[in-house]
Amino acid sequence: MTITIAINTDSINNLDLSPASTVIEKFQEGAIASHEQQLRFDIKYDLEPGDPRELSEVPEVRLWFVRLDAKYPWLPFLLDWKAGEFARYTAMLVPHQFSAKEGIQFNPEALEIFLMQKIFILSDWLKQQGLPTQSRLKSLAQILGYELDDAFFETF
């Protein structure tokens with residue numbers, strides 16, 4: 001079952017996480033694992049007419065997501081990966097450019113740092129939840145174009 005969090009211009013401009021916190025904290029009250037990959041965001045942010053930017057290029061939107069990520073660093077577990085929510089979430093947090101021919105182009109070093117941070121955070125968090133980690137983390141890395149070797153997981 002997909003769960004959508006609606007955020008609007010006011011929430012973003014005021015760095016108000018309550019639309020997300022209300023949903024996420026309900027998940028935490030029960031079996032959070034049952035909500036794996038069910039979360040989507042519906043972002044309604046007012047741009048000036050003719051503004052060509054994508055939402056991930058708007059500093060206010062990005063800042064809201066930075067704050068959200070700081071509060072819930074394990075949030076990628078809940079995002080609907082198949083619907084592209086993890087890739088969009090990554091775009092909110094990692095420097096990138098858009099190319100008409102190639103689409104989104106992440107800064108490679110920033111993307112690698114972001115991914116490794118998420119791997120370490122989620123590894124610890126999944127273990128705390130009593131959930132298997134390796135296959136989930138390998139799948140997460142694949143979304144961003146990385147292959148993680150089994151030996152990598154033996155190092156930590």
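Undergrad: Account for unusual backbone geometry, naming residues and giving values.
TA: A positive phi angle, close to 50°, is found at L15, a residue other than glycine. Of note, L15 is situated in the loop between α1 (9–13) and α2 (18–29). Assessed through its relative accessible area of 27%, L15 is described here as partly exposed. The backbone of Q37 shows a phi angle near 55°, a positive value even though the residue is not glycine. Tracing the backbone through its elements, the reader meets Q37 in the loop between α2 and β2 (39–44). Judged by its relative accessible area of 23%, Q37 is partly exposed.

Undergrad: How would you explain the packing of helix α3 (residues 59–71) against helix α4 (residues 85–93) if you had to name every residue and give the values?
TA: The geometry of α3 relative to α4 is characterised by a closest axis approach of 8 Å and an angle of 105° between their N-to-C directions. The orientation of α3 relative to α4 falls into the category roughly perpendicular. When α3 is examined against α4, the residues V61, R62, F65, V66, L68 and D69 are found in contact with a partner set consisting of Y89, A91, M92 and L93.

Undergrad: Pulling in residues and values, what's your account of the side chain of H96?
TA: Mapped onto the elements, H96 comes out in strand β3 (residues 96–99). H96 sits in the buried class, given a relative accessible area of 14%. A polar side-chain atom of H96 sits 3.1 Å from a polar atom in the side chain of S56. A polar contact of 3.3 Å, which involves the side chain of H96, links it to the backbone oxygen of A91.

Undergrad: Give me the lowdown on the environment of P19, citing residues and values where you can.
TA: Within the secondary structure, P19 is located in helix α2. A sequence separation of 39 residues divides P19 from V58, and the C-alpha atoms of the two residues are 19 Å apart. Dropping the residues within four chain positions of it, P19 is found in contact with I5, A6, I7 and S11.

Undergrad: Quick one: what's the story with the pairing of β2, residue by residue and with numbers?
TA: Every second residue of β2 is oriented toward a common face, the buried set being L39, F41 and I43 and the non-buried set R40, D42 and K44. Here strand β1 (residues 3–8) runs beside β2; their pairing, made up of six bridges, is parallel. Note on β2: the bridge partner recorded for I5 is F41.

Undergrad: Provide a residue-level description of α2, including the pertinent values.
TA: Its 12 residues give α2 an end-to-end C-alpha distance of 16 Å, which sits within 8% of 16 Å, the value for a rise of 1.5 Å per residue. Among the residues making up α2, those that are buried are A20, S21, V23, I24 and F27. The inward-facing, buried residues of α2 abut β1, β2 and α3.

Definitions and limits used
Residues numbered from 1 in each chain as written. Predicted model: local features only at pLDDT ≥ 70, side-chain atom pairs only at ≥ 80, totals over all residues. Heavy atoms only, no water. Helix = DSSP H or I, 4+ residues; strand = E, 2+ residues; numbered from the N terminus. Buried < 20%, exposed > 50% of the residue type's maximum accessible area, 1.4 Å probe, protein only. Axes fitted to C-alpha atoms, helices over the stretch in contact; angles between N-to-C directions. Parallel < 35°, antiparallel > 145°, perpendicular 65-115°, else oblique. Contact = heavy atoms within 4.5 Å. Polar contact = N/O pair within 3.5 Å; in protein donor to acceptor, adjacent residues only side chain to side chain. Pairing = 2+ DSSP bridges. Expected span 1.5 Å × (residues − 1).

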